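Examination of the molecular architecture
Chain by chain, the residues:
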Amino acid sequence: MSIKISERESWGSKVGFILAAAGSAIGLGNIWKFPYIAGENGGAAFIFIYLICIAVIGLPVLMAEVLLGRTTQRNPVGAFKALSNSPYWAAIGGMGVIAGFVILSFYGVVAGWSFGYIFEAIKGSFYDFTEPASSADHFGSLTSNVTWIVGFLAVFMGLTMFIVYSGVQKGIERGSKIMMPILLIILFVLMIKGISLDGSEKGLSFILEPDWSKVTGEGVLLALGHAFFTLSLGMGAMMTYGSYMSKKDSIPSAAVQIVFLDTIIALIAGVAIFTAVFATGQDPAAGPGLIFQTLPVVFTKMPGGYFFSILFFLLLTIAALTSSISLLEVVVAYFVDEKKWKRKQAVIVFGIITFLVGVPSALSFNLIADIKLFGLNFFDLADWLASNILLPIGGLFISIFVAWIWGFDKVLIEMKKGAESLFELHPWIIKFWKIFIKYFSPVLIFLVFLHSIGVLDLIIDLFI
Ligand code: TRP
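Conventions adopted
- Residues numbered from 1 in each chain as written.
- Predicted model: local features only at pLDDT ≥ 70, side-chain atom pairs only at ≥ 80, totals over all residues.
- Heavy atoms only, no water.
- Salt bridge = Lys/Arg side-chain N within 4 Å of Asp/Glu carboxyl O.
- Helix = DSSP H or I, 4+ residues; strand = E, 2+ residues; numbered from the N terminus.
- Buried < 20%, exposed > 50% of the residue type's maximum accessible area, 1.4 Å probe, protein only.
- Axes fitted to C-alpha atoms, helices over the stretch in contact; angles between N-to-C directions.
- Parallel < 35°, antiparallel > 145°, perpendicular 65-115°, else oblique.
- Left-handed = near helix turned anticlockwise from the far one by under 90°.
- Contact = heavy atoms within 4.5 Å.
- Nonpolar A, V, L, I, M, F, W, Y, C, P; charged D, E, K, R; others polar.
- Polar contact = N/O pair within 3.5 Å; in protein donor to acceptor, adjacent residues only side chain to side chain.
- 1 Å grid on protein atoms, 1.4 Å probe; cavity = no way out; pocket = protein on both sides within 12 Å on 5 of 7 lines; lining within 4 Å.
- Points joined across faces, edges and corners; volume = space filled by probe spheres on them.
- Near = heavy atom within 4 Å.
- Areas by Shrake-Rupley, 256 points an atom, 1.4 Å probe, with all protein chains shown as cover.
- Sits in = over half its atoms within 2 Å of the grid points.
- Core = buried A, V, L, I, M, F, W, Y, C linked by side-chain atoms within 4.5 Å.
- Phe/Tyr/Trp six-rings, centres within 6.5 Å; stacked < 30°, edge-to-face > 60°.
- Lys NZ or Arg CZ within 6 Å of the ring centre and 35° of its normal.

In this section: the pattern of salt bridges. Taken as a whole and assessed by the stated rule, the structure comprises nine salt bridges. Between Lys123 and Glu120 there is a salt bridge, and its shortest N-O distance comes to 3.4 Å. You can see Lys123 and its partner Glu120 sitting in helix H6 (residues 87–123), three residues apart, about one turn around the helix. Between Glu414 and Lys247 there is a salt bridge, with its nearest N and O atoms 3.9 Å apart. Taken together, the residues Glu414 in helix H18 (residues 408–416) and Lys247 in the loop between helix H12 (237–242) and helix H13 (251–279) connect sequence positions 167 residues apart. You can call Lys247 partly exposed: its relative accessible area is 30%. Taken together, the salt bridges that share partners define one network made up of Glu9, Glu329 and Arg343.

This is how it looks when you write it as structure tokens:
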């Protein structure tokens, strides 16, 4: 048994772990979703609430997930099995593995668009658009083209598989160490460009000056849910990455750095996008089409737009790729640890299966757009199932397990490993974490869950 454990792969360095985990966290959620939900929900005021949510539930749950992984050196199913010996808790891990599939299947579709848009940018296709309507038409014609949409899904999945195939250190860690600095540099360049445009102040004040009148209860729950999604929580991705971490490294300091990187990048993306959107007179509240429909118009209207459009979609694709590898890694780690498969075999089999599950999501934009379950097409259903059901339930049980089931004295012993001096200097960190993980996280996540299945709204209607 001990031989098996020492054979298991691990990160080469602490920085490697932090960059890989930040890579998982930083994704389409930061660059595509965060700006548009902030745009629709009052800009700065929404961002303020989002930051609180990140601190109150994001950071504590991230620490809990990494801790579960590092302690057991196992995938989500193995981690719960090792600590609880109960099939019910193992099933929570199993739900995470399934969520990995489901998320990757629709995430890969949007990532595929992003990849395809690099070529659109290179071809200069955006230069035909002077208004959002024509850009939206172009987006519509691309996504209704089955070959384009399935083809780029396949290429993107191929890239994801290639990295995971190469292993934890040689694939994921090395890939993250190359891609994350590139991502940071591109984003920085885009932010400077955005700020330097005439009329960018309106974009800046949109992000910096809160309009509290636009904040609703709905917006608060959205911020909570997004805090969760953006940190890749609730399905064992951070647990799996944590399982390759050394017990000599401090979890709280790694978690703070991951959260910091994720948050700062969402904010920089917001500044880059909104300064450009306002400077070119476009609508900040354009919703999910903000990136693929509004931004191409923005690029045609700004000096050097050709160059910056290529950079932007490259950035988006890199961000998606460092996230998709962590999704596939959860599934692969499960089959490697529990079923004793070879990594390469697991990557090929489950990479292909995930691609096949992604195909109906891709076809929801064309051939099977009319096939609906509960009023949602396949793509929306996969998104809804993962973001509103699997992730909140997973997150809820992860915090309950760490806070109430595992035994808090054992939790503390594990958490202190690698962080002895930190806790000696700042004992309050543990006190705060304990309160957050025991009370705030479960209650708040439960509220998000009730809201996403519509129950909270019913209760509110009944009593107010
Ligand atoms: N955090 C990713 C993003 O912001 C999306 C995501 C959610 C994710 N859950 C995940 C990525 C689990 C990897 C693993 O885009």
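Let us keep going from here.
Here the focus is the packing of helix H17 (residues 378–405) against helix H20 (residues 428–452). Between H17 and H20, the shortest axis-to-axis distance is 9 Å and the interhelical angle comes to 155°. As judged from the angle between their axes, H17 and H20 are roughly antiparallel. In the packing of H17 onto H20, the handedness of the crossing is left-handed. Of the residues in H20, those touching H17 at Trp384, Asn388, Ile389, Pro392, Ile393, Gly395, Leu396, Ser399, Ile400, Val402, Ala403 and Trp404 are Trp433, Ile437, Lys438, Tyr439, Ser441, Pro442, Ile445, Phe446, Phe449 and Ser452. A class-by-class count of the residues in the contact of H17 with H20 yields 16 nonpolar, five polar and one charged.

What follows concerns the packing of helix H9 (residues 168–196) against H13. Between H9 and H13, the shortest axis-to-axis distance is 8 Å and the interhelical angle comes to 35°. Two packed elements cross with a definite hand, and for H9 against H13 that hand is left-handed. For the pair H9 and H13, contact is made by Leu183, Leu184, Leu187, Leu190, Met191, Gly194 and Ile195 and by Ile265, Ile268, Ala269, Val271, Ala272 and Thr275, respectively. Of the residues assigned to the contact of H9 with H13, the class counts are 11 nonpolar, two polar and no charged.

Residues of helix H5 (residues 76–84) that are buried: Pro76, Val77, Gly78, Ala79 and Phe80. Turning to H5, the residues buried within the fold contact helix H4 (44–72), H6, H12, helix H15 (305–338) and H17. Where H5 begins, one side-chain oxygen reaches toward the backbone nitrogen of Val77, 3.0 Å away; that side chain belongs to Asn75. Just beyond H5, the residue with positive phi is Asn85, at close to 60°.

Structurally, Pro60 can be placed in helix H4. Non-local contacts of Pro60, meaning those with residues more than four positions away in its chain, are made with Ile54, Ala55, Trp433, Phe436, Ile437 and Ser441.

The next thing to look at is the layout of surface pockets. As a volume, the largest pocket reaches approximately 960 Å³. Around the largest pocket sit 41 residues that line it, and Lys33, Tyr36, Asp383, Ser387 and Asn388 are the ones nearest its centre. Residue assignment for the lining of the largest pocket shows that the elements contributing at least two residues are helix H3 (28–40), H6, helix H11 (217–230), H17 and H20. Grouping the amino acids of the lining of the largest pocket by side-chain chemistry returns 25 nonpolar, 11 polar and five charged. Approximately 370 Å³ is the volume found for the second largest pocket. Glu7, Arg8, Glu9, Val336 and Asp337 are the residues nearest the centre of the second largest pocket, which is lined by 14 residues in total. Counting residues per element, the ones that place at least two in the lining of the second largest pocket are helix H1 (2–7) and H15. The element contributing the most residues to the lining of the second largest pocket is H15, with four residues. Grouping the constituent residues of the lining of the second largest pocket by class yields four nonpolar, no polar and 10 charged.

The next point concerns the site of the ligand. Close to the ligand lie 16 residues; Ala25, Gly29, Tyr107, Phe229 and Ser326 are nearest. A total of 350 Å² of accessible area belongs to the ligand in isolation, and the protein chains cover 100% of it. With respect to the detected pockets, the ligand is housed in the largest cavity. Secondary structure elements with two or more residues in the shell around the ligand: helix H2 (14–25), H3, H6, H11 and H15.

As a further point, take the nonpolar core. With 175 residues, the main nonpolar core has Phe17, Phe292, Phe312, Phe313 and Trp433 as its most contacted residues. In terms of residue count, H6 provides more of this core than any other element does, 20 residues in total. If we ignore the near neighbours within four places in the chain, the residues touching Phe313 are Ser114, Tyr117, Ile118, Phe126, Ile291, Phe292 and Phe299.

Counted by the stated rule, this structure contains 46 aromatic pairs. A ring pair is formed by Phe115 and Phe119, whose centres lie 5.6 Å apart and whose planes are at 85°; its orientation type is edge-to-face. Here the residue Phe115 and the residue Phe119 both occupy positions in helix H6, the gap between them amounting to four residues, near one helical turn. On the accessibility criterion, Phe119 (40% relative accessible area) is partly exposed. Pairing Tyr117 with Trp148 gives two aromatic rings, centres 6.4 Å apart and planes at 70°, and the pair type is edge-to-face. With a gap of 31 residues between them, Tyr117 in helix H6 and Trp148 in helix H8 (residues 146–165) connect regions that are remote in the sequence. For Tyr117, a relative accessible area of 0% puts it in the buried group. When its relative accessible area of 11% is taken as the criterion, Trp148 is described as buried. Between the NZ or CZ atom of Lys438 and the centre of the ring of Trp404, over which it lies, the distance is 4.8 Å.

Bringing empty space enclosed by the protein into the picture now. Across all of its chains, the model carries three cavities of 30 Å³ or more by this definition. One number sums up the size of the largest cavity: a volume of about 160 Å³. Elements that contribute at least two residues to the lining of the largest cavity include exactly H2, H3, H6, H11 and H15. Partitioning the lining of the largest cavity into residue classes produces nine nonpolar, eight polar and no charged. Taken as a whole, the second largest cavity holds about 90 Å³ of empty space. Looking at the second largest cavity, the residues that line it are Leu190, Lys193, Gly194, Ala272, Ile273, Ala276, Leu295, Val298, Phe299, Met302 and Phe312. Put simply, the parts of the chain that give the lining of the second largest cavity at least two residues each are H9, H13 and helix H14 (294–301).

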